[in-house]
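Chain and residue survey
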Amino acid sequence: LVALWSAWQELLPRSKKRAPSAAKKKAPKVGLRFILTGGYELMVGRNAQENHEITFHLARGRDLWLHVDGVSGAHGIVRLAEGQSLPLPSLLEAAQKVAERSLPRGWSTAEVSYTFRKQVRPAPGGVAGRVLVREAKSLRIKNTKSQSE
């Protein structure tokens, strides 16, 4: 009886494991993501490679790009719809988050540049994270976190 059962099992079609479909595969997580006041999405790079990825592969030309002046640090991208502008409270919140991820603890003020992504180009030499920026504006922000945090 066992031999008959084994022979019958061998005749049955074997199920093949399918590779996961592209729709089910999750995209690799790049950078940190935040939801700002007003529902705007902010992406912040954690290193040079992520800065390059979010700036030149995930961002669109109309998105807002942010970076702390004078330091090697995080790039921030705020997603904007066509013709949409970012209200000042959301811009300040985004600048604060980018500064927090670019400066050492205890910082008091920072100059944060911002412009549309289409004004940002990779710097010559192909070094990830290095950029050339045109037509940027800047904000001076104060650290809103307490020194004890």
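Overview of the structure. What you see is a predicted model; the values in this text were computed from it and never measured.

Bringing helix H2 (residues 48-58) into the picture now. Of the residues making up H2, those classed as buried are Glu50, Asn51, Ile54, Thr55 and Phe56. In the core, the buried residues of H2 are packed alongside strand S2 (41-44), strand S3 (64-68), strand S4 (75-78), strand S6 (120-122) and strand S7 (131-133). At the N-terminal boundary of H2, the capping side chain belongs to Asn47, with an oxygen 3.1 Å from the backbone nitrogen of Gln49.

A separate point is helix H3 (residues 88-100). For an α-helix, 3.6 residues make a turn, and residues three or four places apart therefore share a direction. Between its terminal C-alpha atoms H3 stretches 18 Å, which fits the 18 Å expected from 13 residues at 1.5 Å a residue. Inspection of H3 places Ser90, Leu91, Ala94, Ala95, Gln96, Val98 and Ala99 among the buried residues, and these make up the whole buried set. Where H3 is buried, its residues meet S2, S3, S4, strand S5 (109-116) and strand S8 (137-142).

Before going further, it helps to spend a moment on the nonpolar core. Within the largest apolar cluster, 24 residues are counted, with the highest numbers of intra-cluster contacts made by Leu66, Val78, Ala99 and Ile141. Put simply, the parts of the chain that give this core at least two residues each are S2, S3, H3, S5 and S8. It is H3 that contributes the most residues to this core, five residues altogether. Those residues in contact with Ile141 that sit more than four places away from it in its chain are Leu92, Ala95, Gln96, Ala99, Trp107, Ser108, Thr109, Ala110 and Val112. Counting residues in each nonpolar core, the second largest holds eight residues, with Val30, Ile54, Ala59 and Val120 among its members.

Calculation rules
Residues numbered from 1 in each chain as written. Predicted model: local features only at pLDDT ≥ 70, side-chain atom pairs only at ≥ 80, totals over all residues. Heavy atoms only, no water. Buried < 20%, exposed > 50% of the residue type's maximum accessible area, 1.4 Å probe, protein only. Helix = DSSP H or I, 4+ residues; strand = E, 2+ residues; numbered from the N terminus. Contact = heavy atoms within 4.5 Å. Polar contact = N/O pair within 3.5 Å; in protein donor to acceptor, adjacent residues only side chain to side chain. Expected span 1.5 Å × (residues − 1). Core = buried A, V, L, I, M, F, W, Y, C linked by side-chain atoms within 4.5 Å.

Note that every value here comes from positions in space, so none of it alone points to a role or purpose.
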